[in-house]
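Observations on chain architecture
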Amino acid sequence: MAKKQKYYVVWQGKQPGIYTDWDACKAQVQGVQGAQYKGFDSMAEAEAAIKLPYNSVVASNTRISRESSASSVLVIDENGMTAVKPGTANPPVLDALAVDAACSGNPGVMEYQGIYIPTRTRVFHYRAEKGTNNIGEFLAIVHGLSYLKKHRLNQIIYSDSVNAISWVRQKVCKSKLPEDASTAELWDYIHRAEQWLRTNTYTTEIRKWDTDRWGEIPADFGRKG
């Protein structure tokens, strides 16, 4: 029996586009951090998919609804995909963006990232040589808001930081980190984030991640302990 023809869309790789065989697609994504690609059964599907953001295409092809069953919890299956199983009431929405920060010292090297929960795909990342965890959590949410608005995605943002959520709602970063030569670049970034909050409207819902019931947020850097 002849092997069924597949069509591969590469959103993020060496050369984004549509490829008609796996070897050609693999050459574009192998070794590329955060590569985004997916196979389709027809050229028509591939041509339609490439016009849309990667995350929305992945979400629309899952069988998990936006509001999943009230008796499910997050698990990771053998393919590394996020799924649900019975066990805990009021699970998180899976078609969502999770954000988190990590800091080596306080202050210290700080970074944050945004992870699309169903596929555990990193959609953005930022690193500063000197910052704090609270600053990273604040900037991660703002970056998420900007990302979702830019790509016209109607998803929830999850953060495990009460302080950061409060700062975003107040449209100001209340960190006491001194503004000096060592933090000038970061503070410029913070002020631009505050300006974005003051000058943009958004409908994105920001929710607190329930670590006690759901475990670590999917965007966690895994450096605790």
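Counting from 1, residues in each chain are numbered in the order their sequence is written. Local features in this predicted model are restricted to residues of pLDDT 70 or higher, and side-chain atom pairs are both shown and tallied only at a pLDDT of 80 or more, whereas totals for entire chains, interfaces and linings draw on every residue. The basis for every side-chain value is the complete set of heavy atoms in the structure, and neither hydrogens nor water enter the calculation.

Moving on to the confidence of the model for the protein. Note on scores: pLDDT gives the predictor's confidence for each residue, bounded by 0 and 100. Model confidence for the protein is summarised by a mean pLDDT of 82, while 82% of its residues fall at 70 or above. This model gives residues 61-88 a pLDDT under 50, and the stretch forms 62 contacts once residues within four places in sequence are excluded. The contact criterion used throughout is that any non-hydrogen atoms of two residues lie within 4.5 Å.

Time to look at the pattern of salt bridges. For this document, the term salt bridge refers to a Lys or Arg side-chain nitrogen within 4 Å of an Asp or Glu carboxyl oxygen. Applying the stated criterion to the full structure yields five salt bridges. Here Arg 213 makes a salt bridge to Asp 210, at a shortest N to O gap of 2.6 Å.

Our focus in this paragraph is the pairing of strand β9 (residues 156-159). Only protein chains enter the accessibility calculation, which uses a 1.4 Å probe. A residue is then buried if its area is under 20% of the maximum for its type, exposed if over 50%, and partly exposed in between. Each helix corresponds to a stretch of at least 4 residues labelled H or I by DSSP, and each strand to a stretch of at least 2 residues labelled E; elements are numbered beginning at the N terminus. Burial along β9 is two-sided: Ile 156 and Tyr 158 and Ile 157 and Ser 159, pointing in opposite directions, are all buried. Bridging between β9 and strand β10 (residues 206-208) involves three bridges; their strand directions are parallel. Each bridged residue has a counterpart across the sheet, and for Ile 157 the counterpart in β10 is Ile 206. For two strands to be treated as a pair, DSSP must find no fewer than two bridges joining them.

Moving on: the packing of helix α4 (residues 133-150) against helix α6 (residues 184-199). Axis separation between α4 and α6 bottoms out at 10 Å; the angle between their running directions is 50°. With respect to their mutual orientation, α4 and α6 come out oblique. Between α4 and α6 the crossing geometry is left-handed. For the pair formed by α4 and α6, the contact residues are Ile 135, Phe 138, Leu 139, Val 142, His 143, Leu 145, Ser 146 and Lys 149 on the first element and Leu 186, Tyr 189, Ile 190, Ala 193, Glu 194, Trp 196 and Leu 197 on the second. Taken together, the residues of the contact of α4 with α6 break down into 11 nonpolar, two polar and two charged. Whenever a helix is involved, its axis is fitted only over the stretch in contact; in every case the axis is a line through C-alpha atoms, and angles between N-to-C directions fall within 0 to 180 degrees. Each angle receives one of four descriptions, namely roughly parallel if under 35 degrees, roughly antiparallel if over 145, roughly perpendicular if within 65 to 115, and oblique otherwise. A crossing counts as left-handed when the near helix is turned anticlockwise from the far one by less than a right angle, and as right-handed when that turn is clockwise. Classification used: nonpolar for Ala, Val, Leu, Ile, Met, Phe, Trp, Tyr, Cys and Pro, charged for Asp, Glu, Lys and Arg, polar for all others including Gly.

All right, on to the sheet that holds β10 then. The strand order across the open sheet built from five strands is β8-β7-β6-β9-β10, with neighbouring strands paired in mixed fashion. The two strands at the open ends of the sheet, each matched to only one other strand, are β8 (121-131) and β10. In this sheet, adjacent strand axes meet at a mean angle of 20° when their direction is disregarded. Note: strand β6 (residues 96-105) against strand β7 (residues 108-116), nine bridges, orientation antiparallel. In the strand pairing of β7, Asp 100 is matched with Gln 113. Against the sheet, α4 contacts β6, β7, β8, β9 and β10, and its axis sits at roughly 155° relative to β6.

This part is about the sheet that holds strand β1 (residues 7-12). Taken in spatial order, the three strands make up an open sheet running β2-β1-β3, and their pairing is antiparallel. The sheet is open, and its two borders are formed by β2 (17-19) and β3 (36-40), each paired with just one other strand. The average undirected angle you get between the axes of adjacent strands in this sheet is 20°. Sheet analysis places β1 next to β2, joined by three bridges and oriented antiparallel. Looking across to β2, one finds that Tyr 8 is bridged to Tyr 19.

Turning to the pairing of β6, a few remarks are in order. If a strand is regular, its side chains alternate between the two faces of the sheet. Taking burial as the measure, the 10 residues of β6 include seven buried ones, the bulk of the element. Inspection of the sheet shows β6 paired to β9 by three bridges, in the parallel sense. Each residue of the ladder has a partner; that of Ala 96, found in β9, is Ile 156. The turn linking β6 back onto β7 is made up of two residues.

Another aspect to go through is the environment of Ile 157. Its location among the elements puts Ile 157 in strand β9. A C-alpha to C-alpha distance of 9.8 Å links Ile 157 and Ile 115, two positions 42 residues apart in sequence. Each residue touching Ile 157, except ones within four places of it in the same chain, is listed here: Leu 97, Val 99, Ile 141, Gly 144, Leu 145, Leu 148, Thr 204, Glu 205, Ile 206 and Arg 207.

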